[in-house]
Every structure is written in structure tokens, then in C-alpha cells.
Amino acid sequence: MRDAALARPARRGFAALAVLAVLALAGFAAVRSILPPAASSASAPAGEFSAERAFQTVQAMATVPHPAGSAANDRVRDQLVQSLTALGLTPQVQDTVSLQGGELSASAGGTGLARVRNIVTVIPGKASTERIFLVAHYDSAQTGPGGNDDAAGVATIVETARALTKSDQLLNDVVLVLTDAEEACLCGAEAFVEQHELARGGGIAINLEARGSSGPAIMFETSEKNARLVRAYAQAPYPVGTSFAVEIYRLLPNDTDFTAFREAGFTGLNSAYIDGAAVYHAPTDLPSAMDRDSLQHHGANALALTRTLGDTRDLDKATATGDATYFPVLGLLVRYPGGLIWPLAVLAVLAVGALAWLARRRGRLAGRRLLIAGALTLAPIVVAVALAQLFWTVLTLVRPEYGALPIDPYRPGLYRIAVVTITAAVVFCWFALLRRKLGAAALAVAGLAWLAGLGVVLAAVTPGGAYLATLPALAGAITGLVSLLVRPLIATAVLTAGGVVAVVILLPTVVMLFPALGMGMAAAGAFLTMLLLLALLPVIDLLHPSAEPVQGLPAARARRRGTLATLVASLTAVVCAAAGLAVDRFDSAHPALTQLMYALDADTGQAEWLSAEATTQKWTSQYVSGDPKPVAAILPAFGDAALRTGPAQAASLPAPFVTKESETTAANGDRIVTLRLRPQRTVRFTTLHVAASMQVTALTVAGQPIPVKKSAGGGWGTGFIFHAPPAEGVQVVLTIHSAGPVKVRAMDASDNVTEMPGFHPRPSGVGVLGSHSSEMVAVTKTYTF
């Protein structure tokens, strides 16, 4: 049969090696361009960012966990105030109460509040027309010291401030906002944007975060109408970001301090490094876990962006245009207006259609075979995605501890390569099976058609991600058209150029997406890899023997050669999986993660162990068993959450104390009952819920009106969670439209489960999951007035 391919080089083996070398070089350059730069030493010039200087702040902050309200957090705050004062600034502490939804309150039928103490100071500009806000949170989760999350962001801001004070004064004011209680409820950021005078009039917020310990600092979220902000970010020395990440982040149930600023009308950008996420919120989130190259990436970009915006007049005009599509290419941030998304998507469809027409005219494909190829192209997409997810499922069966990890294993690199090679094996196998029957050109054009069609779908659903399909399809179609008009050797070079375009556009996104979504969503990584492979189908043909009979080469041997690429990819996947299991073992520095809580019901004197683990780990199974069950009747703060439980020995712990201070009657006959909720021990937060049978029409906590919600479950209605409660307690004012006794259930929570009777120390290699409820000791009591 005639070799129906887009390129038919005479020396096929040499051409295949040359193409592989070019694509490998392009892939290496594309990936290398998004990796963090080397950390600058402490002797770097005063006006530059130095990760080594910033790391000194990280070391000072992240010695022990310091959640909002703790004595350790007070020490961190004092250190930061001293550091900023030493730079000649005049930091102030905003001490107030604020409310915002948090992890527990989101499931509790209640609202989160906190006493927050934000650190705020200004680097004044020469003739400011608007303000730039550098934002990071200085509190940590209760389970970890926050060496990365978010000592990295705070250290970046302190070192940026030092560099700015040693340089020429900017035009615009730069406001440093180090927020409190981000981990608890995002309350510090909310307090600043709603209550602080410097927030009036808005501005541009640059939020700095970390959700891991390594990797590039990715600009993953923006406000709307971001085109000019993206242009400013593109001037940073190491811009890494993609408009696709913005689309993905909007679909995830995650928030940062940037959320409060964005919802308050600020424009701005949100950046974080996210690889190495096994340490997220865990005791292993130590300064020693930080990759200082990632800190350098964070800081170099933040300093450059601040200077660019700080010397821009009329910043309000600089943020008035539409959204941009943007992505990294070989060290640059390529960007184009959102108005081009649909024209490019349509152009890609037309270009692929033109390629199909010309290929048919040149005898490289038949219409019927193209339609069959198009239908069958769905098969590798579905199979690869399913196999990738199955791969992770099998790994969790082999190593159940993986099921408790928050996002990724400690060393996920080999597993990621396995997902990529599994996807490649599926494509190679599919291509080898159909190539002789349908023709290589038909399969290549079908793959490009799927890309172009997906580009249209993405343009409609997630416009910022349309480039992932549209541009590779357009490049593949254009180079395919050219290849049909030139000599075979030139055609191979032209098709390779189209493949290079696909590699430099798609491969960085694949690399960024794996740590963003984790191995638990391996299917997503496989899907993006599939897009790349579909774009490479015209050159993948070169990895297979010619479809034309070769003198002296038996047909059976030719078929065996056709399976070589599939076998190599499959073997690589197996080797990577086995090596990953061998390398990624649990030890004291990389422990298996467990989650355990303790609850004492002061009404009955009974105690329970509780765990939120999806699959009970071996160590945790000595405390809890059975299926998860609702706990709202005892712990209304957990709402409809179901936990595994087990009997525990009752500890001698004082319950939170609720007293009735007054009761009056409103003009409409409603009762206004004032209570005071006062913890009797050192706690991280306290909660109060009202019996569901009571008709509560208004609720005020510490002077803050909060929404009244119907039910927390278990017979309890509206309530709240107050983080970092003051020693004098919290005043609660209930407006009730019903008669009868007032019944409430109070709870407080500390983080000392290791001190409870019956607790056995975790052995080496077993650690604490970075959850907001890990290590919690809750004491609950019901009061009736």
C-alpha cells in the first residue's frame, strides 16, 4: 500500500532520530525556562532580591507552629514589627475582629470570625496616584511551623521592602500587609479590606503564597480585566504563569487572602510555588524543606513587578482593559488579547479543514478513512485518561498511605513520568494498529481536528485555556499544508517545526499542572499529555516503519518494528512505577500522614477519638474503627461531616463557660438575649450553636453582625466559630422570635491530642496530616437559660 503520510523521507531512520533530537531539545528548553533561578547570595547588591537574606526571616518565623492567637504568633508578629522598623518604616498593628468563611465554618452552618492583628506599613511614593499592596500571611496552621506557607511570602515582602528602601523612591505608595488568621478563616485580609483606612479606594494587590516547598513561582490567579497587569508581569525577569491556571483555580474550592482583596474591588495578581506539597500544613513544613531557588523566583518577580507598577502613573488606567491569554514560552510570557480567542479557534478549524482537503487532493487520505479515524481518535483519549487514574488507584492499593497525603507523594517525579509514558504507550499502540488500515495522514489530520474542536469548546467554556488546543492545532495544520507542497526532506523539517510549537506551548503547562492537581487527578495530566501527542501525530509516524513494502524485510518483522515505540513507552512506565515505589519510602523525614482528634462531652463525661481519614491508616486504626458517622449532635461545628470514632478515656478538661448577661424585649416582642462565651483553657477557637427549635432572627458576635443560618445538623441551628478568642471571652447577642428556654451548645478546641490519656506516640515514619482539625482536642457542653 502507498505510504499515505504527510512526510515520506527517504532515510526514515535518520529522519526519526533527527526529529526526536530536535523535539527533545525543545522540550528540555521549554521545561528549563520555567524552573526557578538560582538563589542569590547574601552579598548580592542592596537593590536586588536575595533569597539568602530573605531566608533569615524564614528561619526566624518558622521555628514552631504559630496559629492566630497563640503566644508563638505574638512572638512572630513582634519580630516582624522590629524588622520593618529597622528598615526605617513605621509598622502599625491593626487589632480588630473580622468575619469570613473558613474550612470548618463552611461545613458548620455557621460563620467564622477571628480576632486578628495585621501588620501594616507604607513605603511612601513621590507622587502617588494609587497604591500597590504586597500581601502575605504571617500565621501558620496549627500542625506546622509554616516554613513555606507562608513564611516564604512574608520573607519575600520583607526582603522586597529592604531592596526598595535602598533604591530610588517610586512614584506610587507601596503598602505592606502582613495578615493574621489566614489559615483560620481568611479573616485578616477581610479585616484589612473592610476596615483599614489604607484600603479605601482600592489599588493593586500582589499576594504571595506557597502550597509546597519547591518548583517555580507561578502566577496562577488574577483579577478581571487583567491585560495590562499581565503586560506588567511579563516584564518580570522570570515570568511563569498561564491563563489556563486562572480558569482551573476558579473551579477549585480554594481561597487565599487574594480572594478578599479581589472581592473588595482590588485588581491584582496571586503567585505561589506549589511543588513538594506533601509538607503542606504539616510538621515537616520546616525552613530546611524550602528550595531557596523557589524563594528567589518569588522575590525576584515580586520586586520587579512592584517597581514596574510603582513607577506607573494612573494605575487605574493600567488595569482597565480586558482579559489576556498568556503562557510561558522559552523564558518569555507570550500574551494576546482575549478578543483573539474566537478568531484563532475558528482559524484553527478552517486550517485543519484545508489540510484535510489538500491531503485528499494529493492522495494522502480518503474521506471515509478520515471520518473513521476521527471517530476512533476518541478511543486513546478515553483509554489514556482511564489508565492514568487507574495507575494512581493501584499505587494507593499497593501503598495505602498515599491515600492520606493531601496532594502528592513526597517524591512524585517518577510517577508523573509514568503517567506521561502510559499516555504515550496508548497513543503509539492506537497509531500502530490503525496506521496501515487508515493511513498515517488520516490519523494525523483526525488528531488535529480533535484539537481544533476542543479549542472551540475551551473558547466557550474556559477561554483562558483555549490556546492549549487552538495554537497546536493551528501550527500543525499550517505546517501540514506546507509539507504537502514541498520535497520530502523539507516536509519533515516543516512538520518538526509544528511539533516544536506544540512542545514549547503544551509541555510547560503539563509540568505545571501535575503539582497543581496532584497525582490524585492523574487523569488531568494524562489529558494534557494527550493534547501534546495528538499535535505530534504527524511526526510520530516517523517512529514506525514505512507502510510501503521494503525489499528484504518480512512483513512480520515490519509489524514488530511498529510495536517498538509502544513497548518502549510501556516498559518506561513500568520501570518508573517500580522505581517510584522503591525511592518514595516513608521515614522520619518523610512520614506517612495520619489524622486524629479527641472530643469530650462535658454533659455526659464521655470521650471519643475521631478521625477524618478517608481510609483509616494502620496507626489510626488503634483509636477508631467502623464507617464514618455524623457527629453534629455532639460537635455541631463539624456540620454534616462524617467521622470515624472510637471510645476514649475521659480527660479532666474544663468546658467552655457560657453565662447570661441580660435579656430585654424588642418593640416587636422579640427577645434580645446577651450571653458571654468564655473558654476556660488555652484554645485555638471556640464555637457556639443554638438549638434548631429556636427561631433566631439576628446574631451579633463581638459586635459583628453575622448571617443567621438554618441548621448545623444534629438538632443544632445557627452558630459561629471564633478563632483566637480573647481571655475575657466573646459577647454574643441573640434576637429570638420564640418563647421558652434558650438552649446553646458551646465547644472549644486546643491542639494537644498527644496529651490525652490513652494516646500512644507515633512511631518513626508516622506523622501528622496538615489538616485544620488534626491534633484537635474539643470539649463541648450544653447550657440552658
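Residues numbered from 1 in each chain as written. Predicted model: local features only at pLDDT ≥ 70, side-chain atom pairs only at ≥ 80, totals over all residues. Heavy atoms only, no water.

The sheet built from 5 strands is open, its strands ordered β15-β16-β21-β18-β19 with antiparallel pairing. Looking along the sheet, the strands with just one partner apiece sit at the ends: β15 (657–665) and β19 (704–706). Neighbouring strand axes in the sheet, compared pairwise and without regard to direction, differ in orientation by 25° on average. Taken together, the 8 bridges between β15 and strand β16 (residues 671–678) define a ladder with antiparallel strand orientation. Bridging from a neighbouring strand, T659 pairs with R676 of β16. (Pairing = 2+ DSSP bridges. Helix = DSSP H or I, 4+ residues; strand = E, 2+ residues; numbered from the N terminus. Axes fitted to C-alpha atoms, helices over the stretch in contact; angles between N-to-C directions.)

On to the environment of G146. Residue placement: G146 occurs in the loop between β3 (131–137) and α5 (151–165). Classification of G146 by relative accessible area gives buried; the value is 4%. With 61 residues separating them along the chain, G146 and T85 place their C-alpha atoms 23 Å apart. (Buried < 20%, exposed > 50% of the residue type's maximum accessible area, 1.4 Å probe, protein only.)

So, on to the environment of G110. Looking at the secondary structure, you find G110 in strand β2 (residues 110–123). For G110 and K709, which are 599 residues apart along the polypeptide, the C-alpha to C-alpha distance reads 6.4 Å.

The subject of this paragraph is the nonpolar core. One finds F391, V419, L451, Y467, L537 and I540 to be the most contacted residues of the largest nonpolar core, which totals 102 residues. Look past the residues within four positions of Y467 in its chain and what remains in contact with it is T242, S243, F244, T325, Y326, F327, Y336, P472, I505 and T509. Core analysis: the next-biggest nonpolar cluster, separate from the first, contains 51 residues, I123, A152, I204 and L333 among them. (Core = buried A, V, L, I, M, F, W, Y, C linked by side-chain atoms within 4.5 Å. Contact = heavy atoms within 4.5 Å.)

On to the packing of helix α2 (residues 51–61) against α5, then. The contact between α2 and α5 brings their axes to 8 Å, and the two run at 135°. It follows that α2 is oblique to α5 by the angle criterion. Crossing of α2 over α5 shows right-handed handedness. For the pair α2 and α5, the contacting residues are R53, A54, T57, V58 and M61 in the first and A151, A152, V154, A155, V158, E159 and R162 in the second. Within the contact of α2 with α5, the residues separate by chemical class into 8 nonpolar, 1 polar and 3 charged. (Parallel < 35°, antiparallel > 145°, perpendicular 65-115°, else oblique. Left-handed = near helix turned anticlockwise from the far one by under 90°. Nonpolar A, V, L, I, M, F, W, Y, C, P; charged D, E, K, R; others polar.)

Now for unusual backbone geometry. Excluding glycine, a negative phi dihedral is what most residues carry, and trans is how most peptide bonds are arranged. The amide bond that connects D149 to the next residue, D150, takes the cis arrangement and shows omega of 5°. Here D150 shows up in the loop between β3 and α5. The backbone of L186 shows a phi angle near 60°, a positive value even though the residue is not glycine. Mapped onto the elements, L186 comes out in the loop between α6 (182–185) and α7 (187–195). With a relative accessible area of 8%, L186 lands in the buried category. Positioned with a positive phi, A702 is a non-glycine residue whose angle comes to about 50°. With respect to the secondary-structure elements, A702 resides in the loop between β18 (696–701) and β19.

What follows deals with the pairing of β18. Both β18 and strand β21 (residues 730–736) contribute to a ladder of 5 bridges, which runs antiparallel. Looking across to β21, one finds that T700 is bridged to V733. Where β18 meets β19, 3 bridges bridge the pair, whose relative direction is antiparallel. In the strand pairing of β19, L699 is matched with I706.

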